[in-house]
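# Architecture at a glance
Listed below, chain by chain, are the residues.
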Amino acid sequence: MSSNWKKDPYFVTKASIISNEKTIGSVLMFSPTSPTRSAAETLQNMFIVVVFIVLIMGAVIIFLVSSRIVGPLLRIINITRHISEGKYDWELDTSGSDEIAQLSQAIHRMSRNIQFYEQQRKQFLADISHELRTPITYMKGYSEALLKGFESSEEKRTKYINLLFQQSSQLQRLIEDLFDLAKLEEGTFKINFERTSLDKLMQNVLGLLADPIQQTGITLSYTPSPTPLYLAGDERRLQQVVVNLLENAKKYTPADGSITITTYEEDNFGVIEIADTGVGIPANDLPYIWERLYRVDRSRSRATGGTGLGLAICKEIVELHHGNIQVESTEGQGTVFCVRIPLFHETTGSVKR
């Protein structure tokens, strides 16, 4: 018997012939091995062709994947390196909806935000340098004049002292804003929640600002809530918000204009509404006035001593009180700021919802 189809020309098998339990003969069967060899060779050739095709397809797929995924990723890596070096003059394909496109869109947004804040930082440093230099220069000049007795008249001396007070007050406000901004950045800005009378808060603010506002020729009116309102908040910080908003209204309201303050209750919130008849805010600038360092009109803001910090700090304080602040403005007609702070719950001693 033979079953080696690779070498032997035939398959040979033997079968016994049995009769009455006795072997009476044998049968030998021969089958050629050439068809088997031919079929094996055909299968082998087909396997080689299939493997070759698979390798080619694999190479093509790898190339396509590399050009589709690895290529853009390498470009994104290169672009992020440029961004880290402060270079923003590049273009990135953000079309599509796959993961690579979403990553490209995120990189694009991040780059634009970094570029914006880098520009704002440079402008902020320039503005702060100017704002610090101006009052210090005035204070140095007027104090030198007083010390050396250049002006002997009491009227001039009083004038110089008043100017020194104004400049030092402006410098103090600027430093306080910078200090508050630093605490907000560090997350150490604290709010002491307590039962705060809204009318008392407003009376304190008006005691500070009513005379200075009216001395500029602006009409100031205050309409308190018909019923006493108590806020759940930090009186000193809320007073800071109102003072800032009133000072802004004073800066941008002409001498024959008016500022109207109204307080009332709305949906378990104490509302402080401050409306002025000033120059207003351009519609294009309204979405950005809450951003830190943003200033609507840089030349006008510089003239009035603004640095773009006040409104950003106000918004942070109000939101830390779980309230909100909104603005409506028409350029050339005036602005209305509306501050909403949760009321204090008299029975539970917590925020009223």
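Our subject in this report is the structure included herewith. (Residues numbered from 1 in each chain as written. Predicted model: local features only at pLDDT ≥ 70, side-chain atom pairs only at ≥ 80, totals over all residues. Heavy atoms only, no water.)

## Describing unusual backbone geometry
Excluding glycine, most residues fall at negative phi; most peptide bonds, likewise, are trans. For Asp 267, which is not a glycine, the phi torsion comes out positive at approximately 55°. Mapped onto the fold, Asp 267 is located in the loop between strand S6 (258–266) and strand S7 (269–276). Owing to a relative accessible area of 66%, Asp 267 belongs among the exposed residues under this scheme. Positive phi outside glycine occurs at His 322, with the angle close to 65°. Position of His 322 among the secondary structure elements: in the loop between helix H7 (310–320) and strand S8 (324–330). (Helix = DSSP H or I, 4+ residues; strand = E, 2+ residues; numbered from the N terminus. Buried < 20%, exposed > 50% of the residue type's maximum accessible area, 1.4 Å probe, protein only.)

## Here we look at the sheet that holds strand S4 (residues 219–223)
Reading across from one edge, S4-S6-S7-S9-S8 is the order of the five strands in this open sheet, with mixed pairing throughout. Each edge of the open sheet is held by one strand with a lone partner, namely S4 and S8. Adjacent strand axes in the sheet meet at a mean angle of 15° when their direction is disregarded. Here S4 runs beside S6; their pairing, made up of five bridges, is parallel. Bridge assignment links Tyr 222 to a residue of S6, and that residue is Ile 261. Strands in contact with helix H4 (residues 198–215) are S4, S6 and S7; relative to S4, the strand with the most contacts, it is inclined by about 170°. Here H7 sits on the sheet and contacts S8 and strand S9 (334–342); the angle it forms with S9, its principal contact strand, is near 25°. (Pairing = 2+ DSSP bridges. Axes fitted to C-alpha atoms, helices over the stretch in contact; angles between N-to-C directions. Contact = heavy atoms within 4.5 Å.)

## Re the packing of aromatic side chains
Enumeration according to the criterion identifies one aromatic pair in this entry. Considering the side-chain rings of Trp 290 and Phe 337, the 6.0 Å spacing of their centres and the 80° angle between planes classify their relative orientation as edge-to-face. Of this pair, Trp 290 sits in the loop between S7 and helix H6 (298–304) while Phe 337 is found in strand S9, placing the two residues 47 residues apart along the sequence. The same class applies to Trp 290 and to Phe 337, which are both buried. Here the guanidinium or amino end of Arg 195 rests over the ring plane of Tyr 230, the centre of that ring lying 3.7 Å away. (Phe/Tyr/Trp six-rings, centres within 6.5 Å; stacked < 30°, edge-to-face > 60°. Lys NZ or Arg CZ within 6 Å of the ring centre and 35° of its normal.)

## Here we look at a nonpolar patch on the surface
There is a patch of nonpolar side chains on the surface, built from Val 49, Phe 52, Ile 53, Ile 56, Met 57, Val 60, Ile 61, Phe 63, Leu 64 and Val 65 and spanning about 940 Å² of accessible area. The residue Val 60 is located in helix H1 (residues 34–84) in this model. (Patch = residues over 30% accessible without salt bridge, like charges linked within 9 Å, V, L, I, M, F, W, Y side chains within 5 Å. Areas by Shrake-Rupley, 256 points an atom, 1.4 Å probe, with all protein chains shown as cover. Salt bridge = Lys/Arg side-chain N within 4 Å of Asp/Glu carboxyl O.)

## Considering the pairing of S6
Of the pairings in the sheet, the one linking S6 to S7 comprises eight bridges and is antiparallel in character. From the neighbouring strand, Thr 262 faces S7, where its bridge partner is Glu 273.

## A word on the side chain of Ser 225
Within the secondary structure, Ser 225 is located in the loop between S4 and strand S5 (230–233). A polar contact is formed between the side chain of Ser 225 and the backbone oxygen of Thr 227, at a distance of 2.8 Å. (Polar contact = N/O pair within 3.5 Å; in protein donor to acceptor, adjacent residues only side chain to side chain.)

## Remarks on H7
Turning to H7, its buried residues are Gly 310, Leu 311, Ala 312, Ile 313, Cys 314, Ile 317 and Val 318. Buried residues belonging to H7 abut helix H3 (154–186), helix H5 (235–251), S8 and S9. Of the residues trailing H7, His 322 is marked for its positive phi of about 65°.

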